[in-house]
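Observations on the model geometry
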Amino acid sequence: MALKFHGKDPDNPGNTCPAVFRDEETGDFYFQGETVIDPELLARISTDSPLLDTESVVKLPARMVDIILEACRAGVVR
């Protein structure tokens, strides 16, 4: 796996997550962030896209849009 780090939240005071990664071989994205545990929010999300036992919802702040877009523009392997 050729995992490329694209960046982390520049406003995080602990200089930790959230962060964005992309597998350069497959084009898959990996997001590190706060795990959503609010039952009401998870129930709302599940109405559109049911969550499997192996899945989780991760929150990334809107201020990370440029980092996410950079990862998207890095190219998609087909």
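Predicted, not measured: the structure shown is a model, and the values here were computed from it.

So, the environment of Ile37
The topology assignment puts Ile37 in the loop between strand S4 (34-35) and helix H1 (39-48). Taking C-alpha positions, Ile37 is 8.3 Å from Val57, a pair spaced 20 residues apart along the chain.

What to know about the pattern of salt bridges
A full pass over the atoms with the stated rule returns three salt bridges. Residue Asp11 is joined to Arg63 by a salt bridge in which the shortest nitrogen-to-oxygen separation is 3.6 Å. Separated by 52 residues along the polypeptide, Asp11 in the loop between strand S1 (3-8) and strand S2 (19-23) and Arg63 in the loop between strand S5 (58-59) and helix H2 (65-73) bring together distant segments of the chain. Using a relative accessible area of 52% as the deciding quantity, one classes Asp11 as exposed. In this structure, Asp48 engages Arg44 in a salt bridge whose closest nitrogen and oxygen atoms are separated by 2.5 Å.

Digging into the environment of Phe21
Inspection of the secondary structure puts Phe21 in strand S2. For the pair Phe21 and Thr35, spaced 14 residues apart in sequence, the C-alpha to C-alpha distance is 17 Å. Beyond its immediate stretch of four places on either side in the chain, Phe21 contacts Leu3, Lys4, Phe5, His6, Asp28, Phe29, Tyr30 and Gln32.

Thresholds applied
Residues numbered from 1 in each chain as written. Predicted model: local features only at pLDDT ≥ 70, side-chain atom pairs only at ≥ 80, totals over all residues. Heavy atoms only, no water. Helix = DSSP H or I, 4+ residues; strand = E, 2+ residues; numbered from the N terminus. Salt bridge = Lys/Arg side-chain N within 4 Å of Asp/Glu carboxyl O. Buried < 20%, exposed > 50% of the residue type's maximum accessible area, 1.4 Å probe, protein only. Contact = heavy atoms within 4.5 Å.

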